[in-house]
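Listed here are the chains, written in short residue letters.
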Amino acid sequence: MEPSPGRLLSWVMIAVAAWGGMLALGTFLFGLDEETGKPVYSPNPARGLVVLAVVGTFLGVWCLALRSRKRHNSNK
């Protein structure tokens, strides 16, 4: 049985959200040491929020585009 395109797209969006969450967690917990240029443990909520906001904005725009396309196709 083949998955429907809508269901597959939902799983892709969930995967992007999970990936963005992991990136946000990593950027929240770790930063670069200015002297060595290597990652060090230095929690900073601002870094994590920036990544989370960008991923959330991307997913939000994607959802709006899909909704717009669905409405446009239903009017034909």
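The rules behind the values
- Going along each chain's sequence as written, the residues are numbered from 1 onward.
- Reporting of local features is limited, given that this is a predicted model, to residues whose pLDDT is at least 70; pairs of side-chain atoms are given and counted only at 80 or more, and all residues count toward the totals for whole chains, interfaces and linings.
- As a convention, hydrogens and water are excluded, and side-chain values are obtained from all of the structure's heavy atoms.
- Numbering of helices and strands runs from the N terminus, with a helix taken as a DSSP run of H or I at least four residues long and a strand as a DSSP run of E at least two residues long.
- Two residues qualify as a contact provided that any one of their heavy atoms is within 4.5 Å of a heavy atom in the partner residue.
- Counted as positive: Lys and Arg. Counted as negative: Asp and Glu. His and the chain ends are not counted at all.
- Lys charges are placed at NZ, Arg charges at CZ, Asp charges at CG and Glu charges at CD.
- For every residue, the predictor states its confidence as a pLDDT score lying anywhere from 0 to 100.
- Stacked, edge-to-face and tilted are the three classes for Phe, Tyr and Trp ring pairs, Trp counted by its six-membered ring, which pair at centre distances within 6.5 Å; planes under 30 degrees apart are stacked, over 60 edge-to-face, the rest tilted.
- Only protein chains enter the calculation, and the probe is 1.4 Å; a residue is then buried if its accessible area is under 20% of its type maximum, exposed if over 50%, and partly exposed in between.
- Every patch collects residues that have over 30% relative accessible area and no salt bridge, joining them within 9 Å if they carry like charges and within 5 Å if they are nonpolar side chains (Val, Leu, Ile, Met, Phe, Trp, Tyr).
- Values of accessible area rely on a 1.4 Å probe in the Shrake-Rupley scheme; residue burial ignores everything except the protein chains shown.
- Counted as salt bridges are all cases of a side-chain nitrogen of Lys or Arg within 4 Å of a carboxyl oxygen of Asp or Glu.
- Between the first and last residue of a helix there are one fewer steps than residues, each counted as 1.5 Å, and that sum is the expected span.
- Axis angles are defined between N-to-C directions and span 0 to 180 degrees, where every axis is a line fitted to C-alpha atoms and, for a helix, only to the segment in contact.
- Here the angle decides the label: under 35 degrees means roughly parallel, over 145 means roughly antiparallel, 65 to 115 means roughly perpendicular, and every other value means oblique.
- By the definition used in this description, the sense in which the near helix is turned from the far one sets the handedness, with an anticlockwise turn below a right angle giving left-handed and a clockwise turn giving right-handed.
- Ten residue types, Ala, Val, Leu, Ile, Met, Phe, Trp, Tyr, Cys and Pro, are classed as nonpolar, four, Asp, Glu, Lys and Arg, as charged, and the remainder, Gly among them, as polar.

## Quick word on the overall build of the protein chain
- When its secondary structure is counted, the protein chain shows two helices and two strands.
- Along the protein chain, helices (α) and strands (β) appear in the sequence α-β-β-α when read from the amino end.
- The dimensions of the protein chain, computed from C-alpha atoms along their principal axes, are 60 × 30 × 15 Å.
- Sequence separation of 24 or more characterises 43% of the internal contacts of the protein chain that already satisfy a separation of 6 or more.
- Within the protein chain, one finds 8 positive and 4 negative side-chain charges whose respective centroids are separated by 26 Å.

## Some thoughts on the confidence of the model for the protein chain
- Averaged over all residues, the pLDDT of the protein chain equals 92, while 97% of them reach at least 70.
- Taken element by element, the predicted model of the protein chain shows its lowest mean pLDDT in helix H2 (residues 45-74) (93) and its highest in strand E2 (residues 39-41) (96).

## What about the environment of Ala24?
- Positionally, Ala24 belongs in helix H1 (residues 5-29).
- With 29 residues separating them along the chain, Ala24 and Ala53 place their C-alpha atoms 9.2 Å apart.

## Here we look at the packing of aromatic side chains
- Applying the stated rule across the entire model yields two aromatic pairs.
- Between the aromatic rings of Phe30 and Tyr41, the centroid separation amounts to 6.0 Å while the plane-to-plane angle is 75 degrees, which identifies the pairing as edge-to-face. With a gap of eleven residues between them, Phe30 in strand E1 (residues 30-32) and Tyr41 in strand E2 connect regions that are remote in the sequence.
- Taking the relative accessible area as the measure of exposure, Phe30 reaches 42% and is therefore partly exposed.

## Points about a nonpolar patch on the surface
- A cluster of nonpolar side chains, namely Trp19, Met22 and Leu23, defines an oily patch on the protein surface of about 350 Å² accessible area.
- Structurally, the position occupied by Trp19 is in helix H1.

## Quick notes on H1
- With 25 residues, H1 extends 36 Å from end C-alpha to end C-alpha; this agrees with the ideal 36 Å at 1.5 Å per step.
- Those residues of H1 lying buried are Met13, Val16, Gly20 and Ala24.
- Buried residues along H1 sit against H2.

## Re the packing of H1 against H2
- Contact geometry for H1 and H2: axes closest at 6 Å, N-to-C directions at 165 degrees. Taken together, H1 and H2 sit at an angle that is classed as roughly antiparallel. The two elements H1 and H2 cross, and the hand of that crossing is right-handed. Residues Leu9, Val12, Met13, Val16, Ala17, Gly20, Gly21, Leu23, Ala24, Thr27, Phe28 and Leu29 of H1 pack against Pro45, Arg47, Gly48, Val51, Leu52, Val55, Phe58, Leu59, Trp62, Cys63 and Leu66 of H2.
- Looking at the contact of H1 with H2, its residues break down into 18 nonpolar, four polar and one charged.

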